[in-house]
Amino acid sequence: MKVAIIGGGVIGSGWAARFLLNGHDVAVYDPAPDGAARRLEEVLRNARASLPALYDRPLPREGRLHIAASVGEAVAGANWAQESAPERLEIKRALYAEIEPHLADGAVLASSTSGYKPSQLQALCERPERLIVAHPFNPVYLVPLVEIVGSDQTPQELKARAAKIMRGIGMHPLVMRSEVEGFIGNRLQEAVWRETLWMIRDGIATTQEIDEAILYGFGLRWAQMGQFETYRLAGGAAGMRHFLAQFGPSLAQPLTHLTDVPDLDAALVDRIAAQSDAQSGHLTIPEMERARDANLVALIRALKQRNVGAGRPIREQEAELSIPQGGDLRVTARRVIPPSWIDANGHMNEAHYVEVASNAADALTESCGVTAEYIAGGNSHFTAETHVRYLAELHAGDEIVVRTQVLRGTGKKTHLFHRFEGPAGALAATVEMMILHVDLTTRKVCEPLPHVAAALERLEHAHAHLPRPDGAGRAIGEQTKG
Ligand SMILES: NC(=O)c1ccc[n+]([C@@H]2O[C@H](COP(=O)([O-])OP(=O)(O)OC[C@H]3O[C@@H](n4cnc5c(N)ncnc54)[C@H](O)[C@@H]3O)[C@@H](O)[C@H]2O)c1
């Protein structure tokens, strides 16, 4: 797919990074003399260090980036044009007049606007039926939510098509039922934001204390269950009805000023800015962005493991990704090392070698028929023994390619030897594994079903001519002898 990004600021460059890293060619237009190219480079660097780390399989090969000299050049041939220009109606009006004549039939014109309703933007267009709002959250390359909003004039088909494209780049499209100011996410964020401003103005709390109340408390809950599931639990076994009966009446004595807005006079602005400097002024914005990204990767990976919240779209997309093959042995894993896998010694912690080997064994057995349905049917593999040799250091951002030799594939026991190749193909580790085929009902070892047994045996025979790997059958005892 070809994508045009019009406006390469915070949001436009985040979109560019997400599309590029998902394999799409991207043309960016931004009138800023050189600032946009620099920002794009910075954002791409951050995105390359974080987005692939969410996946245990490689993303498609990165698309080509083109910096366009005009709107027309960027939009020509694009299937998706994402307008991310400043939030001013006259700028968007002028831009749509430039975009529309070059926009192919069937292409989507999406705006990142956070403030305008789609009907207001459609009123600026010659062909309003092609415009929708696709409202993302910063950083666009990591946060999966995108609100897809149309007006009464927007064909359902366009919203459905847009949602499909967004899912294809690992996002979670929330297709809104109707247009409303602030959509959903910003309405909620703004309610909290207003209240924080009041608390500072009234001297109730500082910027740091307010952030602590979020980080150590409900912020944790919100990433994995939203407002309603959280309160359902708060109602105990009696659930939501009980919660409403118990806490509903207290809403009549509001704790908040939510309907009012504090006057952002010079004194309040000074107070907020000074408190924010005291809280975070020792860090640069790029340092904070990198910390945010590493934390988001760790959080999203944890959610992915549980298949909830922001982890779910990653899992769904990953199921569609294949592992590119090459060479004699099957490539069973290929992945970039996430920053969260690095320990105090500055290299990949040993626990993750076993994690990667486990992914590799899963990929190999899945290719032999041990699929989710096979496992749901009551058969699987358990790991009986693992031996890891750590041969060279691996660092955050390094790509690991795992090639797996099947030393034995016949019968109940499968003997695997994984080679981990790090940068420049150097051997970084070997992981030897014995896995056993198990009946999940009796929890006892048993023969695989015939199609799986045949596939594993075929691999054993295909690898039989290869030399026995150096280090196979090694034990720690051999190293302690001298
Ligand atoms: N910042 C956020 O958190 C956020 C989140 C969601 C949506 N949005 C929306 O995204 C849009 C862009 O916001 P941003 O935060 O990236 O702003 P920004 O100021 O960082 O970027 C805007 C970019 O547009 C460029 N620009 C100016 N005039 C232009 C023109 N005529 N044609 C093309 N580009 C032009 C500027 O040079 C700049 O690089 C806005 O509509 C905003 O409401 C912002």
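Coordinates for the structure precede this section.
Residues numbered from 1 in each chain as written. Predicted model: local features only at pLDDT ≥ 70, side-chain atom pairs only at ≥ 80, totals over all residues. Heavy atoms only, no water.

Draft legend 1. Summary view of the nonpolar core. Of all hydrophobic cores here, the largest spans 42 residues; its most connected members are W15, F19, W80 and M166. Counting residues per element, this core draws most heavily on helix 1 (residues 10–21), at six residues. Judged by nonpolar contacts, the second largest core, of 29 residues, contains A361, L364, A429 and V452. (Core = buried A, V, L, I, M, F, W, Y, C linked by side-chain atoms within 4.5 Å. Buried < 20%, exposed > 50% of the residue type's maximum accessible area, 1.4 Å probe, protein only. Helix = DSSP H or I, 4+ residues; strand = E, 2+ residues; numbered from the N terminus.)

Draft legend 2. Molecular detail of the side chain of H418. Among the structural elements, H418 can be located in strand 12 (residues 413–421). According to the relative accessible area criterion, H418 is buried, its value standing at 0%. Among the polar contacts listed, one links the side chain of H418 to the side chain of T404, at a separation of 2.8 Å. Apart from the residues lying within four places of it in its own chain, the contact partners of H418 are T332, A357, A360, A361, V402, R403, T404, A429, T430, V431 and M433. (Polar contact = N/O pair within 3.5 Å; in protein donor to acceptor, adjacent residues only side chain to side chain. Contact = heavy atoms within 4.5 Å.)

Draft legend 3. Here's a closer look at the sheet that holds strand 3 (residues 65–67). Taken in spatial order, the eight strands line up as 3-2-1-4-5-6-7-8 in an open sheet, and their pairing is mixed. Every other strand in the sheet has two partners, leaving strand 3 and strand 8 (172–175) as the edge strands with one partner each. The average undirected angle you get between the axes of adjacent strands in this sheet is 25°. Inspection of the sheet shows strand 1 (residues 2–6) paired to strand 2 (residues 25–29) by five bridges, in the parallel sense. Opposite I5, over in strand 2, you have V28 as the bridge partner. (Pairing = 2+ DSSP bridges. Axes fitted to C-alpha atoms, helices over the stretch in contact; angles between N-to-C directions.)

Draft legend 4. Quick peek at the site of the ligand. Neighbouring the ligand are 23 residues; I11, D30, E87, K92 and S114 lie closest to it. The contact in question runs from an oxygen atom of the ligand to an N or O atom on the backbone of I11, over 2.9 Å. Within the side chain of E87, a nitrogen or oxygen atom sits 2.6 Å from an oxygen atom of the ligand. For the ligand, the protein covers 71% of the area, taking 830 Å² as the surface of the free molecule. Contributing elements (two or more residues each) for the shell around the ligand: helix 1, helix 4 (89–99) and strand 6 (131–136). It is helix 4 that provides the largest number of residues to the shell around the ligand, a total of three residues. (Near = heavy atom within 4 Å. Areas by Shrake-Rupley, 256 points an atom, 1.4 Å probe, with all protein chains shown as cover.)

Draft legend 5. Focus on the state of the cysteines. Tallied over the full model, the rule gives zero disulfides. With no disulfide of its own, C368 lies 16 Å from the sulfur of C446, the closest cysteine sulfur. According to the relative accessible area criterion, C368 is buried, its value standing at 5%. (Disulfide = S-S within 2.5 Å.)

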